[in-house]
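Observations on the three-dimensional arrangement
Here's the letter readout for the chains.
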Amino acid sequence: MSALLDVKDLRVSFRQDGALTEAVKGVSFSVERGETVALVGESGSGKSVSALSTVSLLGDSAEISGSVTYDGQQMIGAGESLLRKVRGNDISFIFQEPMTSLNPLHTIEKQLAESIALHQGLAGAAARTRILELLEQVGIPDPETRLGSYPHQLSGGQRQRVMIAMALVNEPDVLIADEPTTALDVTIQAQILDLLKALKDRLGMGLLFITHDLGIVRRIADRVCVMQHGEIVETGRATDIFDAPQHPYTKKLLSAEPSGQPTPVPTDAETVARTEHLKVWFPIQAGLLRRTVGHVKAVNDATLSVRAGETIGIVGESGSGKTTLALAMMRLITSEGQIVFNGQDVRKWSTRELRALRKDMQIVFQDPYGSLSPRMTCAQIISEGLGIHKVDADRDPRELVREVMVEVGLDPATMDRYPHEFSGGQRQRIAIARAMVLRPRLLVLDEPTSALDMTVQVQIVDLLRDLQAKYGLAYIFISHDLKVVRAMSHQVMVMKHGDVVEIGDVDAIFDAPQHDYTRTLLQAAV
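Residues numbered from 1 in each chain as written. Predicted model: local features only at pLDDT ≥ 70, side-chain atom pairs only at ≥ 80, totals over all residues. Heavy atoms only, no water.

With that settled, consider the overall build of the chain. When helices and strands are tallied, the chain shows 19 helices and 20 strands. Its C-alpha atoms give the chain a radius of gyration of 23 Å, near enough to 24 Å, the size a compact globule of 526 residues would have. Looking at the chain as a whole, 53% of its 526 residues qualify as buried. A separation of at least 24 residues holds for 68% of the contacts in the chain among residues at least 6 apart in sequence. Split by element, the accessible area of the chain, about 22,900 Å² in all, is 48% carbon and sulfur. In the chain, the 55 positive side-chain charges and the 66 negative ones have mean positions that sit 4 Å from each other. (Helix = DSSP H or I, 4+ residues; strand = E, 2+ residues; numbered from the N terminus. Rg over C-alpha atoms; globule rule 2.2 N^0.38 Å. Buried < 20%, exposed > 50% of the residue type's maximum accessible area, 1.4 Å probe, protein only. Contact = heavy atoms within 4.5 Å. Areas by Shrake-Rupley, 256 points an atom, 1.4 Å probe, with all protein chains shown as cover. Lys, Arg positive; Asp, Glu negative; His and termini not counted. Charge placed at Lys NZ, Arg CZ, Asp CG, Glu CD.)

A few words on the sheet that holds strand 4 (residues 62-70). Backbone hydrogen bonds are what pair the strands of a sheet, in a parallel or an antiparallel way. With antiparallel pairing, four strands are arranged side by side in an open sheet as 2-1-4-5. The sheet terminates laterally at strand 2 (19-31) and strand 5 (73-74), the two strands that pair on one side only. Pairing geometry for strand 4 and strand 5, over two bridges, is antiparallel. Bridging across to strand 5, Tyr70 finds its partner in Gln73. (Pairing = 2+ DSSP bridges.)

A word on the side chain of Thr455. Here Thr455 shows up in helix 16 (residues 454-471). Residue Thr455 is classed as buried on the basis of its relative accessible area of 6%. Apart from residues no more than four positions distant in its own chain, Thr455 is found in contact with Glu42, Lys252, Leu253 and Ala256.

Where nonpolar side chains cluster on the molecular surface, the patch consists of Phe282, Ile284, Val293 and Val296 and spans about 330 Å² of accessible area. Secondary structure elements with two or more residues in the nonpolar patch: strand 11 (271-286) and strand 12 (291-307). With respect to the helices and strands, Val293 occurs in strand 12. (Patch = residues over 30% accessible without salt bridge, like charges linked within 9 Å, V, L, I, M, F, W, Y side chains within 5 Å. Salt bridge = Lys/Arg side-chain N within 4 Å of Asp/Glu carboxyl O.)

What follows deals with the pattern of salt bridges. Applying the stated rule across the entire model yields 29 salt bridges. Of the charged contacts, one joins Arg33 and Asp71 as a salt bridge, the two residues approaching to 3.7 Å between their closest N and O atoms. Here Arg33, found in the loop between strand 2 and strand 3 (36-41), pairs with Asp71, found in the loop between strand 4 and strand 5; they are 38 residues apart in sequence, far enough to count as distant. For Asp201, the salt bridge goes to Lys197, with nearest N and O atoms at 3.3 Å.

For Ala379, the position within the fold is in helix 13 (residues 378-389). For the pair Ala379 and Asn103, spaced 276 residues apart in sequence, the C-alpha to C-alpha distance is 29 Å. Each residue touching Ala379, except ones within four places of it in the same chain, is listed here: Arg398, Val401, Met415 and Asp416.

So, about helix 14 (residues 397-407). What helix 14 keeps buried is the set Leu400, Val401, Val404 and Met405. Viewed along the axis of helix 14, the buried residues span an arc of 135°, placing them on a single side of the element. Residues of helix 14 that are buried make contact with helix 13 and helix 15 (424-436). N-capping of helix 14 is provided by Asp396, with a side-chain oxygen placed 3.1 Å from the backbone N of Arg398. (Arc of directions from axis to C-beta. Polar contact = N/O pair within 3.5 Å; in protein donor to acceptor, adjacent residues only side chain to side chain.)

What follows deals with the nonpolar core. One finds Ile382, Ile430, Met436, Leu464, Tyr475 and Val492 to be the most contacted residues of the largest nonpolar core, which totals 52 residues. Listed in part, the 35 residues of the second largest apolar core include Leu132, Leu147, Val162 and Ala165. (Core = buried A, V, L, I, M, F, W, Y, C linked by side-chain atoms within 4.5 Å.)

With that settled, consider the domain arrangement of the chain. Segmentation of the chain into domains returns domain 1 (1-90 + 209-255) and domain 2 (271-342 + 441-525). For domain 1 versus domain 2, the separation of C-alpha centres amounts to 36 Å. Taken together, the contact between domain 1 and domain 2 spans seven residues of the former and nine residues of the latter. Summing both sides of the interface, domain 1 and domain 2 together bury roughly 600 Å²; the carbon and sulfur share of this comes to 54%. On the domain 1 side of the interface with domain 2, the three residues burying the most area are Glu42, Ser43 and His212, jointly 69% of the side's total. (Domains from an automatic or database assignment. Buried area = accessible area lost by both parts, 1.4 Å probe.)

Moving on, we come to the packing of aromatic side chains. All chains considered together, the criterion is met by one aromatic pair. One residue, Lys279, lies across the ring of Trp281, its end atom 4.2 Å from the ring centre. (Phe/Tyr/Trp six-rings, centres within 6.5 Å; stacked < 30°, edge-to-face > 60°. Lys NZ or Arg CZ within 6 Å of the ring centre and 35° of its normal.)

Relative to strand 19 (residues 491-496), strand 13 (residues 311-315) is paired through four bridges, and the arrangement is parallel. Each bridged residue has a counterpart across the sheet, and for Val315 the counterpart in strand 19 is Val494. Looking at chain direction, strand 19 and strand 20 (residues 499-505) are connected through six bridges and run antiparallel. Its bridge partner being in strand 20, Gln491 is matched across the sheet by Asp505. Joining the antiparallel neighbours strand 19 and strand 20 is a turn of two residues, in which His497 adopts a positive phi near 50°.

Sizing a probe to match a water molecule and rolling it over the atoms shows the empty space that remains. Per the stated rule, a full pass over the model turns up seven cavities of 30 Å³ or more. Put simply, the second largest cavity is a space of about 60 Å³. Lining the second largest cavity are Arg130, Leu134, Gln137, Leu168, Glu171, Pro172, Leu199, Arg202 and Leu203. Of all elements in the fold, only helix 4 (124-137) and helix 6 (186-203) reach the threshold of two or more residues within the lining of the second largest cavity. Within the lining of the second largest cavity, the residues separate by chemical class into five nonpolar, one polar and three charged. (1 Å grid on protein atoms, 1.4 Å probe; cavity = no way out; pocket = protein on both sides within 12 Å on 5 of 7 lines; lining within 4 Å. Points joined across faces, edges and corners; volume = space filled by probe spheres on them. Nonpolar A, V, L, I, M, F, W, Y, C, P; charged D, E, K, R; others polar.)

Orientation of helix 3 (residues 108-120) relative to helix 4, taken along the N-to-C sense of each, is 115°, at an axis distance of 10 Å. On the basis of their axis angle, the class for helix 3 and helix 4 is roughly perpendicular. Helix-helix and strand crossings are classified by hand; for helix 3 and helix 4 the assignment is right-handed. Of helix 4, the residues touching helix 3 (which contributes Ile108, Glu109, Leu112, Ala113, Ile116 and Gln120) are Ala127, Arg128, Arg130, Ile131, Leu134 and Leu135. (Axes fitted to C-alpha atoms, helices over the stretch in contact; angles between N-to-C directions. Parallel < 35°, antiparallel > 145°, perpendicular 65-115°, else oblique. Left-handed = near helix turned anticlockwise from the far one by under 90°.)

All right, on to the environment of Ser13 then. The topology assignment puts Ser13 in strand 1 (residues 5-16). For the pair formed by Ser13 and Glu80, sequence separation is 67 residues and the distance between their alpha carbons is 21 Å. Beyond its immediate sequence surroundings of up to four residues, Ser13 is in contact with Leu20, Thr21, Glu22, Ala23, Ser61, Ala62 and Glu63.

Glancing now at the sheet that holds strand 6 (residues 91-94). Taken together, six strands build an open sheet; the order of strands is 6-7-8-3-9-10 and the sheet is mixed. Because the sheet does not close on itself, it has two edges, and the strands there are strand 6 and strand 10 (231-237). Neighbouring strand axes in the sheet, compared pairwise and without regard to direction, differ in orientation by 15° on average. As judged from the five bridges shared by strand 3 and strand 9 (residues 223-228), these two strands associate in the parallel manner. Bridge pairing in strand 9 places Val37 opposite Arg223. Packed onto the sheet, helix 6 meets strand 3, strand 7 (174-178) and strand 8 (206-211) and runs at close to 155° relative to strand 8. Docked against the sheet, helix 9 (residues 248-255) engages strand 3, strand 9 and strand 10, running at close to 105° with respect to strand 9.

Right, here's the structure in full:
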């Protein structure tokens, strides 16, 4: 009996400037009904390209050969009518970057309703009931209040959960999940993995799970395929791969984990930024006159300070207010309370007054693809701030770009490529380089390692710690990955529903948490 999804000798090359670059080199794997197969490997290893090839979702520049059969039907070279029938109905995807997949002009309810109407014929109250059921299944709190929200009004984790709900609308035979828990905090991540497993068991669904997080693979996968440079270098049952890996690359992946501690903060370090009683409430407006009928209390009474050479890690579930707090400190959104930067209260400063400080306060966003201009090359993206802020004006910008690309682990020979030509992890490194090239005093890192594979994650943690020690940088480090937070942070702040529930030294928080919620987070990360 043939597998539900069977891939044999898959080869994918991309044509650029008349030359072919081979991205996938003779890959073979299969997914049975009710089975979870994990594709594991570093960014750029060919995992996502292999998955997208199954239903011909690559661009015109791709040349695909080999065999991909779904339920006995050949997908390579299939007509558009067959591919349209299979895509999203029989084989569904959860993509890594939800902001590029959700329509920014439509509400969450409308986007889910369109899919339900198209594939299930439901409308009105029946469709609304199904939408609420899906949103509750994927862990959206109080889903009825989120139906009218647009993607930009949700946190990164909430957007990812909406994407998962959309993929599950039609109860597909094969679900291809490309880093589906990348943006999720540890408690919701556990819920999503349990949900996917329950759906797989109930529907007899085949699950192809693409991830760089080996902890997830150990928890969810039946079989594992390890990819490197476009090839599968090792495959086998998950227990065998983890207990007795054979290939050196597999052993390297399994041993990669952030560890160590940052350099201690000098006793005479000056305070770079601090807040006192910071509050961010967003008005809820209703009616014809758009009267304010309530508030979304995103941040309540947050007080913190960060010194030169110090990292404060902010943890909490998606929607807890972590990113909102950081954006308020950067004066990118309106807030109440005191914000002091470089010893000056800047909360009431005008945009013009703030412009001179922008070089000293930089941010690396969670979604690198959404923050990189698709029309600019890597070099142009990284060097843009140099011209605006007149940094090292007497030096060749390309030389500065070359130096910082080496620092963040990018090949300077790729500086003239565009964002779509890089993997997700490489795009995140471009975003880090863009901020680092200005040598800011305060750097907000919003999930900076979430898109990176484990080996590169270790490199980036080491890089950030080295840069901090060298330049005395102050970091606000937002993450749901508690292992990375522990390796990066001097202090940790725990947030829940906009409230700061606990703050203290990193060892005290991890070894002797005082609040029940902190203990819950730490238990979910085990």
